[in-house]
Amino acid sequence: MRVLVASHTYIVDLNCEKFRTLARLEPDIEVTIVVPKRWRPGGVQKRLVETHAWQDDRFRVVPISNFSQNNQGILTFGWDLVRLLKEFQPHVMQVEQGSKGLAYAEMITLNRLLGLQAKMLFFTWWNLPYQLKFPVSALERYNLNGSDGIISGNQDGADILRDRGYHGPIRVMPQLGIDETLFRPQPQPALADSLTIAADDFVIGFVGRFVPEKGLLTLMQALGQLKEAAQSWKCLLLGRGPLKAELQQQAEALGISDRLRWVESVPHDDVPRYINLMSTLILPSETTYQFKTMTSVGWKEQFGHVLIEAMACQVPVIGSDSGEIPYVIGDAGLVFPEGDADSLSDRIRSLLESPDRQTHLSKRGYDLAMEKYTNRALAQQVLDFYRELLA
């Protein structure tokens, strides 16, 4: 089976691990990743990245000349893509630019013109309802009609595509898996000492951006209700963002600022060390999308990758019911209504006061992460979907 995947995501070598693992599952699988030759992650003001080709046995990354260097929706590829398709003759072509991506329309068209007869798929994270006008509506219709299958990063995205008129196969799975050799249980006594976290402290953790939609103001209100808890606790906040000053003021007003530990964003390889300090990880995201107005302005949690990273470290998780979070957690953690500080406080207290429940959820979360969310597990799910389509 020859698989071709196109996306700017894979200019980062670390992000390639799922597909590199796919190429190792069976000896007849070859995977070629197409990436833009030049890309500006974060926008036009950022540094231009010149991508590089590399290969690992039956897996390879191939930079292709591209139009648009920072907008995934209008990204398209140059003539060297045609030469690659003629040479590689893929059985499956997957483009990870969403339902309205020009690159996907380009691939569908080349698949037909070159007579490749490859199965066509796209990946999307988009999880908010939307309305389109011509010509974008025609572009999406062309892409949906040309799709043999779709992979959605969340259940809301899959439901929206059904509403948009797609009736073919859809699988729900995240774009990237976790590296279980990096995210694993690892005691960190020296790091705890450096942050003045005692061995008997219950550590409530957050990892992410300090922005309103991440629900941190609700988390602060919930922590304020735990001020008189019998069990000693600390809160470790790993990240940065514009909300930090307001959060510090709120903590001061609640009388809990001495219990907070602030850590600026750290390298990816160091994140597991901090997660392993936590007794529970909280993801209190809050939806900002206005469903009644049906505008494209707003946000809803698309997945919550930090949840599965914590699970892999055997850290029990608590999340709001925003977007995909309840589907990710399932019965392997605790869920509360978004924006409800009282309910979040109750969920934290239930772990704070019950070590047995904390242990049970840590084991359940770990089992779920190993079963569904490692790179190998996702590679196998992708392979099964490809086989279904080819059959």
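Calculation notes
- All chains use their own residue numbering, which begins from 1 and follows the written sequence.
- Restriction of local features to residues with pLDDT of at least 70 applies here, the model being predicted, together with a cutoff of 80 or more for giving and counting side-chain atom pairs; totals for whole chains, interfaces and linings are based on all residues.
- Side-chain measures here rest on the full set of heavy atoms in the structure, leaving out hydrogens and waters.
- A pocket, in this scheme, is an open set of points on a 1 Å grid over the protein atoms alone with protein on both sides within 12 Å along at least 5 of 7 lines, while a cavity is a set where a 1.4 Å probe fits but cannot get out; residues line either one if an atom lies within 4 Å of a point.
- Grid points are joined across faces, edges and corners, and a volume is the space filled by probe spheres set on the points.
- The numbering of helices and of strands both runs from the N terminus, where a helix is a DSSP run of H or I of at least 4 residues and a strand a run of E of at least 2.
- Classes in brief: Ala, Val, Leu, Ile, Met, Phe, Trp, Tyr, Cys and Pro nonpolar; Asp, Glu, Lys and Arg charged; the others, Gly included, polar.
- The term salt bridge refers to a side-chain nitrogen of Lys or Arg lying within 4 Å of a carboxyl oxygen of Asp or Glu.
- Classification of residues uses two cut-offs on accessible area relative to the type maximum, computed with a 1.4 Å probe and protein chains only: under 20% is buried, over 50% is exposed, and between them is partly exposed.
- Charge assignment: positive for Lys and Arg, negative for Asp and Glu; neither His nor the chain ends contribute.
- Contact between two residues is taken to exist if any of their heavy atoms lie within 4.5 Å; hydrogens are not considered.
- A strand pair is defined by DSSP finding two or more bridges across the two strands.
- Think of each axis as a best-fit line through the C-alpha atoms, taken over the contacting stretch in the case of a helix, with angles from 0 to 180 degrees between the N-to-C directions.
- The criterion is simple. A nonpolar core is a set of buried Ala, Val, Leu, Ile, Met, Phe, Trp, Tyr and Cys residues joined through side-chain atoms within 4.5 Å.

Draft legend 1. Examining the layout of surface pockets more closely. The computed volume of the largest pocket comes to approximately 1,000 Å³. If you go around the largest pocket, you meet 34 residues; those closest to its centre are H268, G304, H305, V306 and E309. Breaking the lining of the largest pocket down by element, the ones donating at least two residues are α1 (17-25), β13 (202-209), β14 (233-240) and α10 (305-312). Classifying every residue of the lining of the largest pocket by side-chain character gives 15 nonpolar, 11 polar and 8 charged. Put simply, the second largest pocket is a space of about 500 Å³.

Draft legend 2. Highlighting the pattern of salt bridges. Within this structure, the stated rule accounts for 18 salt bridges. The salt bridge partner of E87 is R60, with a shortest N-O separation of 3.1 Å. In this pair, E87 is assigned in helix α2 (residues 80-88) and R60 in strand β6 (residues 59-64), connecting sequence segments 27 residues apart. Judged by relative accessible area, which is 52%, E87 ranks as exposed. The buried category is assigned to R60, whose relative accessible area is 19%. As a salt-bridge pair, E264 and R240 come within 3.3 Å of each other at their nearest N and O atoms. Taken as a pair, E264 in the loop between β15 (260-263) and α9 (271-275) and R240 in strand β14 lie far apart in primary sequence, 24 residues in all. On the accessibility criterion, E264 (39% relative accessible area) is partly exposed. The partly exposed category is assigned to R240, whose relative accessible area is 47%. The structure contains a network of salt bridges with shared partners spanning E17, R20, R24 and D56.

Draft legend 3. Region of the structure containing unusual backbone geometry. The omega torsion of the bond from F134 to P135 falls at 10°, within 30 degrees of zero and hence cis. For P135, the location among the structural elements is in the loop between β10 (119-124) and α4 (136-145). One non-glycine residue, S68, adopts positive backbone phi at about 75°. Among the structural elements, S68 can be located in the loop between β7 (66-67) and β8 (76-77). Backbone geometry at Q117 places phi at a positive 60°, although glycine is not the residue there. Inspection of the secondary structure puts Q117 in the loop between α3 (102-113) and β10. Overall, Q117 belongs to the exposed group, its relative accessible area being 73%.

Draft legend 4. Examining the side chain of E106 more closely. Mapped onto the elements, E106 comes out in helix α3. R83 provides the closest opposite charge to the buried, salt-bridge-free E106, at an N-O distance of 12 Å. Once residues within four sequence positions are removed from consideration, E106 is found in contact with T76, F77 and L81.

Draft legend 5. Main features of the sheet that holds strand β2 (residues 30-36). If you walk across this open sheet you meet the 8 strands as β5-β6-β2-β1-β9-β10-β11-β12, and the pairing is mixed. Taken across any chain shown, the strands that pair with only one partner, and hence form the sheet edges, are β5 (54-56) and β12 (170-172). Along the sheet, successive strands turn relative to each other by an average axial angle of 20°, direction set aside. Sheet topology note: the strand β1 (residues 2-6)/β2 ladder contains 5 bridges and is parallel.

Draft legend 6. Just the nonpolar core, in detail. Formed by 64 residues in total, the largest nonpolar core has its most connected members in L219, L223, W233, L237, I275, L281 and I348. The greatest single-element share of this core, amounting to 6 residues, is contributed by α10. When residues no more than four places from it in sequence are discounted, the contact partners of W233 are D201, F202, I204, L223, L226, K227, I256, R259 and L352. Residues V3, I11, I29 and L121 belong to the second largest nonpolar core, which totals 59 residues.

That's the geometry; what it means functionally is another story.
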